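# Structural overview
Read off the chains here:
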Amino acid sequence: MIGISTCCLMDMPLAAALDELAPLTDHIEVMDEGYHFITDPDLFSGYTQRFTLHAPFHGMNIASVFEPVRKASVEVMADCFIAAAAIGAPVVMHPGYFAWEQERAASDRQFHTSLQELRAAAAERSVEFWFENMGDMNYFNLRTPADLGLIGDTGLTLDTGHAHLNHCLPAFLETPFRHMHIHDNNGRADTHGPVGSGTIDFRPVMAALRRGHATAVIEVKSFAGAKSSLKVLDAL
């Protein structure tokens, strides 16, 4: 079954959001920020759903050329691994960014340092984590399949909307991925719109999802949009 991200209910407390989503799906991804920042993993013991955690990303940059920022970002990710281990959930995270083209090589080196530290922290907790492909802002890492070498054998979370913005969704659908974020847009703005509101053809998306036996969640901004997306996808 396709899951749903708590992204669609960020204006309500996490427990209330889980109660809203639980009757709709057996897989919930928690946006581990804001109202949904996880402070007590015991909250999840009352649910039978599978969970994925989306690690905090606002203010985070594991590829920062500023070492204190990089180290602090890795520490936040490692703290997310602690919660994920308690819940039994894999983790999705952003791959960082560089501010200036002249700093890209240095930023890549910082990313690889972070990757080694994250792999060690994840192994310590027996947690799996995946990197998400990013949108069409030039400074983000991992925007197209050509960038996959950066993450090596770490798993990919394929974000359909981000790939569509970068005009490479068909190519991404031909690459291995472990997890998928599903949302729609018109190819110009990262609206995280409901399925059918933009210009993505979701028939090949669903075919690739079934072919790869990956997990997937709907990551849209409204609860109504999450429910309508679920109905559209169930019919494909």
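Below or above, wherever it landed, is the structure these notes cover.

Procedures and definitions
Once a new chain begins, its residue numbering starts again from 1 and follows that chain's sequence as written. Reporting of local features is limited, given that this is a predicted model, to residues whose pLDDT is at least 70; pairs of side-chain atoms are given and counted only at 80 or more, and all residues count toward the totals for whole chains, interfaces and linings. Based on all heavy atoms of the structure, the side-chain values leave hydrogens and waters out of the count. The helix and strand labels rest on DSSP assignments: H or I over at least four residues marks a helix, E over at least two residues marks a strand, and numbering proceeds from the N terminus. Per-residue accessibility, obtained with a 1.4 Å probe over protein chains only, is compared with the maximum for each type, and a residue is labelled buried under 20%, exposed over 50%, and partly exposed between these values. Between any two strands, pairing holds if DSSP finds at least two bridges. Handedness of a crossover: with both strands directed away from the viewer, a clockwise path from the first strand across the helix to the second marks it as right-handed. As defined here, a cavity is a set of points on a 1 Å grid over the protein atoms alone where a 1.4 Å probe fits but cannot get out. A pocket is an open set with protein on both sides within 12 Å along at least five of seven lines, and residues line them when an atom is within 4 Å of a point. Grid points are joined across faces, edges and corners, and a volume is the space filled by probe spheres set on the points. Amino acid classes used here: Ala, Val, Leu, Ile, Met, Phe, Trp, Tyr, Cys and Pro are nonpolar; Asp, Glu, Lys and Arg are charged; the rest, including Gly, are polar. By nonpolar core is meant a set of buried Ala, Val, Leu, Ile, Met, Phe, Trp, Tyr and Cys residues that side-chain atoms within 4.5 Å join together. Pairs of N or O atoms within 3.5 Å make up the polar contacts considered here, provided that, within protein, one atom can donate a hydrogen while the other can accept it, and that residues adjacent in sequence are counted only when both atoms are side-chain atoms. Should any heavy atoms of two residues lie within 4.5 Å, those residues are counted as being in contact. For helices, the fitted axis covers only the stretch in contact; all axes are lines through C-alpha atoms, and the angles between them, taken along N-to-C directions, range from 0 to 180 degrees. A pairing counts as a salt bridge when a side-chain nitrogen of Lys or Arg comes within 4 Å of a carboxyl oxygen of Asp or Glu. Each patch is assembled from residues with relative accessible area greater than 30% and no salt bridge, linking like charges that lie within 9 Å and nonpolar side chains (Val, Leu, Ile, Met, Phe, Trp, Tyr) that lie within 5 Å. Values of accessible area rely on a 1.4 Å probe in the Shrake-Rupley scheme; residue burial ignores everything except the protein chains shown.

### Comments concerning unusual backbone geometry
At L142, a residue that is not glycine, the phi angle is positive and equals roughly 55°. Locating L142 in the fold gives a position in the loop between β5 (129-132) and β6 (155-159). Positive phi values are uncommon outside glycine, yet H192 reaches one of about 50°. Tracing the sequence through the fold places H192 in the loop between β7 (179-182) and α6 (202-212). A relative accessible area of 11% means that H192 is categorised as buried.

### Let's talk about the pairing of strand β2 (residues 27-31)
The side chains of a regular strand alternate, first on one face of the sheet and then on the other. Counting buried positions over the five residues of β2 gives five, a clear majority of the element. Because side chains alternate across β2, one face comprises the buried residues H27, E29 and M31, and the other comprises I28 and V30, equally buried. Summarising the sheet, strand β1 (residues 3-5) and β2 pair through two bridges and their orientation is parallel. Residue pairing across strands places I4 opposite I28, the latter belonging to β2. A crossover connection joins β1 to the parallel β2 through helix α1 (residues 14-21); in handedness this β-α-β unit is right-handed.

### Some thoughts on the layout of surface pockets
Considering only enclosed or pocket space, the largest pocket measures out at about 630 Å³ in volume. Along the wall of the largest pocket there are 32 residues; nearest its centre are F57, H58, H94, M134 and D190. Within the lining of the largest pocket, the residues separate by chemical class into 16 nonpolar, nine polar and seven charged.

### Considering the nonpolar core
Counting 65 residues, the largest nonpolar core has L53 and F131 as the members making the most contacts within it. Element by element, the count of residues in this core is highest for helix α2 (residues 67-87), at seven residues.

### Notes on the side chain of E132
Relative to the helices and strands, E132 resides in strand β5. Within polar-contact distance, the side chain of E132 engages the side chain of H54 at 3.1 Å. Of the polar contacts made by the side chain of E132, one reaches the side chain of H162; its length is 3.4 Å. Once residues within four sequence positions are removed from consideration, E132 is found in contact with H54, V92, M93, H94, P95, L142, T157, D159, H162, H181 and E219.

### Quick word on the sheet that holds β6
Taking strand neighbours around the barrel as the criterion, the eight strands line up as β1-β2-β3-β4-β5-β6-β7-β8 in a closed arrangement whose pairing is parallel. This sheet shows a mean twist of 25° between the axes of neighbouring strands, independent of strand direction. As judged from the three bridges shared by β5 and β6, these two strands associate in the parallel manner. Its bridge partner being in β6, E132 is matched across the sheet by T157. Packed onto the sheet, α1 meets β1, β2 and β3 (50-54) and runs at close to 155° relative to β2.

### Here we look at the pattern of salt bridges
What the rule picks out here adds up to six salt bridges. Residues R50 and D26 are paired through a salt bridge, measuring 3.5 Å at the closest nitrogen-oxygen approach. A residue pair is termed long-range when its members are at least 10 positions apart, and R50 in strand β3 and D26 in the loop between α1 and β2 qualify at 24 residues. For D26, a relative accessible area of 33% gives the class partly exposed. Residue R203 is joined to D201 by a salt bridge in which the shortest nitrogen-to-oxygen separation is 3.0 Å. On the basis of relative accessible area, R203 is assigned to the exposed category, the value being 58%.

### Quick notes on a nonpolar patch on the surface
A grouping of V65, F66 and V69 is seen on the molecular surface, where their side chains present a nonpolar patch of about 250 Å² in accessible area. Mapped onto the secondary structure, F66 falls in the loop between β3 and α2.

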